[in-house]
Amino acid sequence: MAANLSDANLSGANLSYARLSLARFIGTNLEGANVTDADIIGATFENANLKGSYLSDFGYINNALF
């Protein structure tokens, strides 16, 4: 089951190594969040605030939509 994190405020969250496959980040505030080494296969990032977020070294990123 995919997580629906749409419109959530995850500002400054540490999502390192999180398993976020198929997660929906539509309108989500991820400002300053740490999303390194996460599994985001098939995740959707639409109109998400990624300002100042650290997004790198993804373990799995296939089919993610930005």
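One structure accompanies this document, and this report is about it. These figures come from a predicted structure and were not determined experimentally. (Residues numbered from 1 in each chain as written. Predicted model: local features only at pLDDT ≥ 70, side-chain atom pairs only at ≥ 80, totals over all residues. Heavy atoms only, no water.)

### A look at the overall build of the chain
Each helix and strand in the chain was counted, giving zero helices and two strands. Across the 66 residues in the chain, those meeting the buried criterion constitute 32%. Restricting the contact set of the chain to residue pairs at least 6 apart, pairs at least 24 apart contribute 2%. If you sum the accessible surface of the chain, you get close to 4,000 Å²; carbon and sulfur atoms cover 48% of it. (Helix = DSSP H or I, 4+ residues; strand = E, 2+ residues; numbered from the N terminus. Buried < 20%, exposed > 50% of the residue type's maximum accessible area, 1.4 Å probe, protein only. Contact = heavy atoms within 4.5 Å. Areas by Shrake-Rupley, 256 points an atom, 1.4 Å probe, with all protein chains shown as cover.)

### What to know about the nonpolar core
Formed by 14 residues in total, the largest nonpolar core has its most connected members in Leu15, Leu20, Phe25, Leu30, Ile40 and Phe45. In contact with Leu20, other than residues within four places in its own chain, are Leu15, Phe25, Asp39, Ile40 and Ala43. (Core = buried A, V, L, I, M, F, W, Y, C linked by side-chain atoms within 4.5 Å.)

### Quick word on the packing of aromatic side chains
Under the definition given, this model contains one aromatic pair. Note on Phe25 and Phe45: the rings are 4.6 Å apart at their centroids and 10 degrees apart in plane angle, and the pair reads as stacked. Linking Phe25 in strand β1 (residues 24-26) with Phe45 in strand β2 (residues 44-46), this pair joins segments that are 20 residues apart in sequence. Classification of Phe25 by relative accessible area gives buried; the value is 1%. (Phe/Tyr/Trp six-rings, centres within 6.5 Å; stacked < 30°, edge-to-face > 60°.)

### Overview of the environment of Asp37
Looking at the element boundaries, Asp37 is found in the loop between β1 and β2. Sequence separation of Asp37 and Tyr17 is 20 residues, and the distance between their C-alpha atoms is 4.9 Å. Here the side chain of Asp37 touches Tyr17 through a polar contact of 3.1 Å, side chain to side chain. (Polar contact = N/O pair within 3.5 Å; in protein donor to acceptor, adjacent residues only side chain to side chain.)

### Focus on unusual backbone geometry
Phi angles above zero are rare outside glycine, and Asp7 is one such case at about 60 degrees. Structurally, Asp7 is set in the segment before β1. Given a relative accessible area of 65%, Asp7 falls into the exposed group. The phi dihedral of Leu22 falls on the positive side, at around 65 degrees, and the residue is not glycine. Checked against the element boundaries, Leu22 lands in the segment before β1.

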